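# Coordinate analysis (summary)
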Amino acid sequence: MGDLPSHDDARYRVRLLGSFGIFAPDGTRLPITSRKSIALLALVALARSGERSRTWLQSQLWGSREPDQARASLRRELSNLRLAINPAQGAPLLIADSRRVRLDLARLDIDVRELNADVANARRASLTDPGALLEGLDVPGEEGFEDWLREQRQHVAGLIAQLQIQDWERVALADPADDPANGGATPPGRKPSVGVVAFTLRTNDQDDRAIADGMTDEIGDALSRFSTLFVALAGPRPERPLDHSALCRELGVRYLLEGSIARDRDTIRIQVRLTDGVVREQIWAQRFDATLAELFAVQSEIAQTVAQQIDSFVEIAERTRAVTQRVTTPDAYHLYWRANALFRQWERGPMLEAIATAQQVLELEPHNAWASALAAFCHSIVYSFGWADDPATTRAAALSHYEHCLRHGENDPFVLGYAAGTLVGIGGDVEIADQLSTVRWQSTPPRARACSGVAGSIWPVASPRGRSCGSNRRSA
């Protein structure tokens, strides 16, 4: 490796999609063949800050071994990796101390991180059929790594699917004063989109940078676990004030999450806010205070709280926007959120309109599981509340949409919640409804469960007239 460029700005390329490979600036493939070394490099490369603790790496790759054996194995793999990828001259790519392992991300082009950072600038030619993340790699017996890899593969598949959506978003966001229009091309599977901007420092102590980066990483990780959101990383933005509209267009998102870290003696103050970048309106903000001693213990809790709030406020904002804006073009995304807002009025007229609107979505996108799940649930409400002119036909429609949504979205917690509520509404198999509900809660992050019932926040405890949801069910 002595002939490799020694200047520190030479860029290396890491391919994690499909068959793994790491390439020197001159195109030479570097020799890494050990499965554990490949897994170790991927674990560090996909950390939002490019850094992992030794303890965490040991638990992921050698969790089945005794601690001393795990530490020795990590030392050996790190030694092999340093020999393989660190240049003979100049700064190293892989840096490790007694506590942490870090990659110099400024000198690495990593295909998956390109997707995370800015889908629009990803090398699209290489994404025609990129293959799975770390295709063919497994580490038998290490459940920690296998769980991580499974979750990352799902996340990356979603990012790749989002490529076609980003182009549409840029057109839709080009003129905030007008209603979105896509020229007749409605992208499938769109979700509300949030860009996460690296938290800023309001102190002169650069040691607090690690706190800001850690909080950004934690919140980004927490948000990415919500199947209802698409999350893009904006990275650090030194320009201030931030041009929200321009950044939204750049990332192809509608909402931006920003935050700041300030210190008052031993107290760390974390300020977070969510902005609709298209109309330049702040829609949510919250402040958290914690002592430095307790910060690391509560950091994950704060991140989860923020993620729950954002998921909730984005959903409310999408429903409100869908109702208040007129539909000028056939837009499945807009129509879906309009239907979602209409049914929550819990009146017969809006409920029937919600069904008709969900049907419009399915005419545009026949395999849209969210729309069919919503249609199933609305039919079950009409049936359960005694609003149906033909109860048998309404119940049959609910079952038809129920089967359709599970066929096309059986692993989506959003779909499972509506499906469970549908079974309750039509007097179906309660045990199956309970199973759907259980799977839903197991596959979604912890969130506030203020409403009772199988379908969580979807199924109401009582109708607007005060009667129990099941009390007016009519037999078919």
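Now for a quick tour of the structure. (Residues numbered from 1 in each chain as written. Predicted model: local features only at pLDDT ≥ 70, side-chain atom pairs only at ≥ 80, totals over all residues. Heavy atoms only, no water.)

### Some remarks on the packing of helix 2 (residues 54–61) against helix 3 (residues 67–85)
For clarity, the cut-off: Helix axes use the C-alpha atoms of the stretch in contact, all axes being lines fitted to C-alpha atoms, and the angles between their N-to-C directions lie in the range 0 to 180 degrees. In this description a helix means any DSSP run of H or I spanning at least four residues, a strand means any run of E spanning at least two, and both kinds are numbered starting from the N terminus. In what follows, roughly perpendicular refers to angles from 65 to 115 degrees, roughly parallel to angles under 35, roughly antiparallel to angles over 145, and oblique to any angle outside these ranges. Contacts are assigned to residue pairs with any non-hydrogen atoms lying within 4.5 Å of each other.
Close contact between helix 2 and helix 3 brings their axes to 10 Å; oriented N to C, the two are set at 100°. Judged on the interaxial angle alone, helix 3 and helix 2 are roughly perpendicular. Contacts from Arg54, Leu57 and Gln58 in helix 2 reach Ala70, Arg71, Leu74, Arg75 and Leu78 in helix 3.

### Overview of the pattern of salt bridges
The line we're drawing: For this document, the term salt bridge refers to a Lys or Arg side-chain nitrogen within 4 Å of an Asp or Glu carboxyl oxygen. Relative accessible area decides the class of each residue, using a 1.4 Å probe on protein chains only: under 20% of the type maximum gives buried, over 50% gives exposed, and in between gives partly exposed.
According to the stated counting rule, one finds twelve salt bridges in the structure shown. Put simply, arginine 71 and aspartate 68 hold a salt bridge, and the shortest N to O gap is 2.3 Å. In this pair, arginine 71 and aspartate 68 are both assigned in helix 3, three residues apart and thus about one turn of the helix distant. Assessed through its relative accessible area of 55%, aspartate 68 is described here as exposed. In this structure, arginine 273 and glutamate 258 form a salt bridge, with 3.3 Å as the shortest nitrogen-oxygen distance.

### Re the sheet that holds strand 2 (residues 21–23)
Note: strands within a sheet are paired through backbone hydrogen bonds, in either parallel or antiparallel orientation. Filter applied, for reference: A strand pair is defined by DSSP finding two or more bridges across the two strands.
In spatial order, the strands read 2-1-6; together these three strands make up an open sheet with mixed pairing. Strands at the two margins of the open sheet, each flanked by one partner only, are strand 2 and strand 6 (108–110). Strand-to-strand, the axes of this sheet are offset by a mean angle of 15°, without reference to chain direction. One ladder, built from three bridges, connects strand 1 (residues 12–15) with strand 2; its direction is antiparallel. Within strand 2, the residue paired with arginine 13 across the bridge is phenylalanine 23.

### With respect to the sheet that holds strand 3 (residues 51–53)
As summarised here, the arrangement of the three strands in space is 3-5-4, forming an open sheet in which the pairing is antiparallel. Two strands lie at the open edges of the sheet, namely strand 3 and strand 4 (94–96), each paired on one side alone. Strand-to-strand twist across the sheet, computed as the mean angle between neighbouring axes with direction ignored, equals 15°. As judged from the three bridges shared by strand 4 and strand 5 (residues 100–103), these two strands associate in the antiparallel manner. Directly across from leucine 94, in strand 5, lies its bridge partner leucine 103. Here helix 1 (residues 35–45) sits on the sheet in contact with strand 3 and strand 5, set at roughly 80° to strand 5.

Shape is all these values report; function is a separate question.
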